[in-house]
Amino acid sequence: MSQLALTAEQHVDAPPAAVFALFGAGTGAGWLFDAVCDRVALGAVVTLQAPMFGMAAGAVEILGLISAVRSPSRIEIRHDQPWRGRLRVHVDPDGSGTRVRLIADLDDAGLHWLMRRRGFSVPDGRVEGTHPVGLLTSKSGSASVFASATENLAAMAVEEINAEGGIRGKPVRLIVGDDATDPRLGTIEAWRLVHAGCRAIMASTTSATFTRAARDLRGADVLMVQPVMNEGGMGGGLRVQLGERPERQLRAAAAPMMEVAGGRRWFLAGNDYVWPQVVHSAARRVLADHGGTVVGEGFAPLGTRDFAPLIENVLRSGADIVLSSFVGADLVHFERQCHAMGVRERCRSLALALDEPTRERIGDDAASGMWGVSGYFEQLPGDLNEAFLRRYRAAYGAFAPPVSSISESVYEALHLYAIAARRAADDDAVATARELHTSHKAFPRGMVSVVGPETMQQRLFLAEATPGGFLVSRAG
Amino acid sequence: MAADEAFDALADPVRREILTLLAQHDECSAGELSDRINRVGRTAVSSHLRVLRTAGLIAERRNGRFRYYSVDATGPAQDVIQLLQELFQGSLDAAKAAVESGAADPDGSIRRAM
């Protein structure tokens, strides 16, 4: 792939070892050296808080991992958000001091993303002769954590669909929009996908974005699918909601969690938008049915980074289990702070949106004592999943972010859409939606059957976070 | 300048290589650029330079029979490149300030959070 390579350089009056030691140490050494990572080691995840659009606009999180390290001279970071690229730091002796060089690769996708965020209009190219499908995802903001592998898996599905001949002889072309975890921006991006010619949009975003965009695009003749776990209630017409439902997740996990925790008192804590709110109201019903009690509840807006007051309430409540309905980076920060403040010694934590990339960023230590419940985990046995993961790693390499229920659901949704679109008589969105309501296929997570506009039948699994991954058990 | 023209111009790997070289050096002559780009000949480099100039991505300055090229300071590509360049340089400047002001431990034995 052709890329731009940008470089920066600086001389520092200190030996290389002193400069190298700054990396990840949190000493106020700038956004790059203040990289957030638990270890400076091969494969360790890294978050860089880059003030990309000025301090006032807040930092953009660059999410990646250390792909090469040689103390005290080299660190290489591969990142997936907000674009896929590589940052190389060279630390070399220079007289009595050190020469530091930073080399950054920037590809088309990165350049396009930056230009759009700077307000330039960037064309999506010609769609004639193709079947354009939109992917609305989160390249920045809290949701970019769980969306790390989403674009990779969407591209993989499109490649497979096109290898099977595309849709009515035309190759599917994926056009990507970024909501930046902001429903208002998400709606603008959804309209961009419509204007680019997309007849369908896979909205793999928070429900906050999906619900706003789905309402705003009412007048557009576009099929909108929400593949990821969601609260339902918007299905019908040109809106299809797949994914896990909170009530089923909770029914699968409630009893085993109370057994593991050795107690029945729950604290409900989550982000302040539609999905966590529905999760909590479902939890009150489900827990009552299972003899559990709710001893406290708290919400925090998306993008919160200091959860101390809320965690103090958790500690005061005497809860045995925290139902954590935060998402993405908010879930990462909440759980790391829970760990630091001693919540783990007293409570177990069930997080419906706990998935592989999020667990990885919470870290092995802080994630211990956490459980997730969803239709897919990388560890699931089976030939289909094994072959799927092999193809993913072959295409994107060992340093690509892990696959999760959230990203795998987009892969499935695109395949289900292709089946439905091929069965529909023409490119009519209503006919495709109708076909999608009765589609089914065996996927890496197992057999999946769509029943109507907002029900997807699938198995659910309860999974305990362990160092490096999850210990998965069948839940229902 | 129309952004779509810029993107057609950036679609070619040689043109991207030229832009990278110009982003790293303030200004290059056509000859200097040809010497650094080995995969195509002098004539091809000239025509790529013309495409980049037409798309508004690079600026041309003439001095006698020599022509000098630089990234156009007013285009979207330059805007984004400059933004990143300042961001990267700023991170290294902050690291230098931290070490030289003694904020960081000089023997490299800083304790990690976890």
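Residues numbered from 1 in each chain as written. Chains lettered and ligands numbered in written order. Predicted model: local features only at pLDDT ≥ 70, side-chain atom pairs only at ≥ 80, totals over all residues.

Student: Would you take a moment to explain the sheet that holds strand β3 (residues 66–71) of chain B for this structure?
Tutor: Hydrogen bonds between backbone atoms are what pair the strands of a sheet, whose relative direction is either parallel or antiparallel. Residues and elements named next belong to chain B. Taken together, three strands build an open sheet; the order of strands is β1-β3-β2 and the sheet is antiparallel. The sheet is open, and its two edges are formed by β1 (28–29) and β2 (58–63), each paired on a single side. Docked against the sheet, helix α2 (residues 13–24) engages β1, β2 and β3, running at close to 85° with respect to β3. (Pairing = 2+ DSSP bridges. Helix = DSSP H or I, 4+ residues; strand = E, 2+ residues; numbered from the N terminus. Contact = placed C-beta atoms within 7 Å. Axes fitted to C-alpha atoms, helices over the stretch in contact; angles between N-to-C directions.)

Student: Just to check I follow, could you spell out helix α4 (residues 150–163) of chain A for this structure?
Tutor: Within an α-helix, residues lying three or four positions from one another point in the same direction, as the helix has 3.6 residues per turn. Residues and elements named next belong to chain A. The end-to-end C-alpha distance of α4, which contains 14 residues, comes to 20 Å, matching closely the 20 Å that a straight helix rising 1.5 Å per residue would cover. Listed as buried for α4 are Thr-150, Glu-151, Asn-152, Leu-153, Ala-154, Met-156, Ala-157, Val-158 and Ile-161. Each element contacted by the buried residues of α4 is listed here: β7 (131–137), β8 (172–178), β9 (200–203), α14 (383–396) and α15 (405–423). Gly-165 occupies a position one or two residues after α4 and carries a positive phi of about 100°. (Expected span 1.5 Å × (residues − 1). Buried ≥ 20, exposed ≤ 12 C-beta atoms within 10 Å, placed from the backbone.)

Student: How should helix α5 (residues 183–195) of chain A be read in this particular structure?
Tutor: Residues and elements named next belong to chain A. With 13 residues, α5 should cover 18 Å at 1.5 Å per step; its first-to-last C-alpha distance of 18 Å lies within 8% of that length. For α5, the complete set of buried residues consists of Pro-183, Gly-186, Glu-189, Ala-190 and Leu-193. End-on, the buried residues of α5 take up no more than an arc of 115°, which puts them together on one face. At its buried positions, α5 is contacted by β7, β8, β9 and α6 (207–216). (Arc of directions from axis to C-beta.)

Student: Where do I start with the interface of chain A and chain B in this structure?
Tutor: Counting residues at the interface gives 42 residues for chain A and 39 residues for chain B. Put simply, the parts of the chain that give the side of chain A that touches chain B at least two residues each are β1 (4–12), α1 (16–20), α2 (30–33), β6 (97–106) and α3 (108–117) of chain A. At seven residues, β1 of chain A tops the list of elements feeding residues into the side of chain A that touches chain B. Partitioning the side of chain A that touches chain B into residue classes produces 29 nonpolar, nine polar and four charged. (Nonpolar A, V, L, I, M, F, W, Y, C, P; charged D, E, K, R; others polar.)

Student: Is there a simple way to explain the nonpolar core in this structure?
Tutor: Nonpolar side chains in soluble globular proteins tend to be buried together. Val-19, Leu-22, Ala-253, Ile-321 and Val-322 of chain A together with Leu-19 and Ala-95 of chain B are the most contacted members of the largest nonpolar core, which totals 126 residues. Per element, the largest residue contribution to this core is 10 residues, and it comes from helix α5 (residues 76–100) of chain B. With residues up to four places along the chain from it excluded, the contact list for Leu-19 of chain B reads Leu-4 of chain A together with Leu-52, Leu-57, Val-71 and Ala-77 of chain B. If you look at the next biggest cluster of nonpolar residues, it comprises 48 residues, including Ile-161, Val-225, Phe-388 and Val-403 of chain A. (Core = buried A, V, L, I, M, F, W, Y, C linked by C-beta atoms within 7 Å.)

Student: Can you help me understand unusual backbone geometry in this one?
Tutor: With the exception of glycine, most residues fall at negative phi, and the peptide bonds are largely trans. Residue and element names in this part refer to chain A. In this structure, the amide linkage connecting Ser-71 to the following residue, Pro-72, adopts the cis form with an omega of 0°. Structurally, the position occupied by Pro-72 is in the loop between β3 (60–70) and β4 (74–81). In this chain, Gln-81 is followed by Pro-82 through a cis amide linkage whose omega measures -5°. Position of Pro-82 among the secondary structure elements: in the loop between β4 and β5 (85–94). Although it is not a glycine, Arg-168 adopts a positive phi angle of roughly 50°. Mapped onto the secondary structure, Arg-168 falls in the loop between α4 and β8.

Student: Quick question: what am I supposed to make of the sheet that holds strand β16 (residues 370–374) of chain A here?
Tutor: All names here are of chain A. Overall, mixed pairing links the seven strands, which are arranged β13-β12-β14-β15-β16-β20-β21 in an open sheet. Across the chains shown, the open sheet's two edge strands, defined by having one partner strand only, are β13 (293–300) and β21 (469–474). The mean inter-strand angle of the sheet, taken between neighbouring strand axes irrespective of direction, is 25°. Direction of pairing for strand β15 (residues 348–351) relative to β16: parallel, over a ladder of two bridges. Paired with Leu-350 across the strands is Trp-371, a residue of β16.

Student: In this structure, what is going on with the pairing of β1 of chain A? I would like to understand it.
Tutor: All names here are of chain A. In β1, alternate side chains face the same way, and those of Leu-4, Leu-6, Ala-8, Gln-10 and Val-12 are buried while those of Ala-5, Thr-7, Glu-9 and His-11 on the opposite face are not. Where β1 lies against β6, nine bridges are found, and the strand directions are antiparallel. Each residue of the ladder has a partner; that of Leu-6, found in β6, is Ala-104.

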